[in-house]
Amino acid sequence: MSHTQSRAVAVSGDTLDRARSSFASVFGDGRLSLEQLRSNLDTMMLEPTLAEDVSVEPRTVGGVEVLYVTAGCDIDDNVLVWFHGGGYVMGSAHGYRHAVAALSRATGSAVIVPDYRLAPEAPFPAAVEDAAQVLNAVIAEYGPEHAAVGGDSAGGGLTLAALVSARDRAAPTPAAAVLVSPLADFTVTGTSVAANRDTDAVITERSLRLLAGSYLQGHDPLDPLASPVYADLAGLPPILLLASDSEILLDDAVRIHESVSEAGGSSTLSVYPDTCHAWTLFTDFLPQARDGVAEIAHFLGEILP
């Protein structure tokens, strides 16, 4: 089953400029150290204040440190594992507390955010191995019918790689998956890389190649667990893909959608206008982000019990 839709969203130039400026504050002049970049990303992500009814609990799941996040008091029996973005070199569970609290509030489910290992200290396939361990443990505890998985940017690519890995090992997979602005092709050959180079305010072709170098460290970028656009995408759970029409990673989402559909799977692709890469992070001020999170919640609500 295949479904592609273009979203009509309420547009505010001021709020979108604010989101783009937030990302710009992370990367600075492009010459910052990785330590500074990591600090800047967490600082951006931690700017919103957590509501009083948000609970953040450190846990260990499958041998991986995670945060278990809930928002509100009426939490159901389902769980969403959310892999953070950051190009496999940045990002943290700590920094994603507000972002996943919004997902928890919208879905009514707990959200688990793994602190998977980052490159260059732990290059490919460390992140995929950690993701697989977390999913194995979560499914063993909750059951596949009560589990969903998702992520944004690199976390979206990691989500798909973890699903492919589980399928190839004949391990149970979650009931549903969500990919927001997935980074899923380290060959950097998607048509939108060139087509949207002047409209993407967050990611550049150069930055993608630098991330590939740090994460892969010479490993073949065509490896389907490194660049899952090249994987056989048959036998996966229903997938929702969200992408911005102006980002250079748009074609990653399009190709995933087409591959899942051609393999007989269930895929929905929603392309949002007038927004930026990984815009669902900004639910505190960006209407498009709240729309995206609402769509995620609706999708999961149609599948999870």
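Quick one: what's the story with the packing of aromatic side chains, residue by residue and with numbers?
This structure, assessed with the given rule, holds 8 aromatic pairs. Where F83 meets Y116, the ring centres are 6.3 Å apart and the plane angle is 75°; that geometry is what we call edge-to-face. With a gap of 33 residues between them, F83 in strand β4 (residues 79–83) and Y116 in the loop between β5 (110–114) and α4 (126–142) connect regions that are remote in the sequence. An identical accessibility class is assigned to F83 and Y116; each is buried. Between F282 and F285, the aromatic rings sit 5.5 Å apart at their centres with planes inclined by 40°, giving tilted as the arrangement. When its relative accessible area of 5% is taken as the criterion, F282 is described as buried. On the accessibility criterion, F285 (11% relative accessible area) is buried.

Describe the nonpolar core, naming the residues involved and giving the relevant values.
Counting 106 residues, the largest nonpolar core has W82, V138, Y215, I256, F282, I296 and L300 as the members making the most contacts within it. Residues in contact with Y215, not counting those within four places in the same chain, are Y88, A119, P123, F124, A127, V128 and F186.

So what's going on with the pairing of β4? Which residues, and what values?
The two faces of the sheet receive side chains in turn, since in a regular strand these alternate between them. Burial analysis of β4 places 5 of its 5 residues in the buried class, the great majority of the element. The two faces of β4 match: V79, V81 and F83 on one face and L80 and W82 on the other face are all buried. The pairing of β4 with β5 spans 3 bridges and is classified as parallel. Within β5, the residue paired with L80 across the bridge is V111. As a crossover connection, the stretch from β4 through helix α3 (residues 97–107) into β5 is right-handed. For β4 and strand β6 (residues 147–152), the ladder comprises 5 bridges, and the chain directions are parallel. Residue pairing for β6: V81 is matched across the bridge by V149.

Analysis parameters
- Residues numbered from 1 in each chain as written.
- Predicted model: local features only at pLDDT ≥ 70, side-chain atom pairs only at ≥ 80, totals over all residues.
- Heavy atoms only, no water.
- Phe/Tyr/Trp six-rings, centres within 6.5 Å; stacked < 30°, edge-to-face > 60°.
- Helix = DSSP H or I, 4+ residues; strand = E, 2+ residues; numbered from the N terminus.
- Buried < 20%, exposed > 50% of the residue type's maximum accessible area, 1.4 Å probe, protein only.
- Core = buried A, V, L, I, M, F, W, Y, C linked by side-chain atoms within 4.5 Å.
- Contact = heavy atoms within 4.5 Å.
- Pairing = 2+ DSSP bridges.
- Right-handed = clockwise from strand over helix to strand, strands pointing away.

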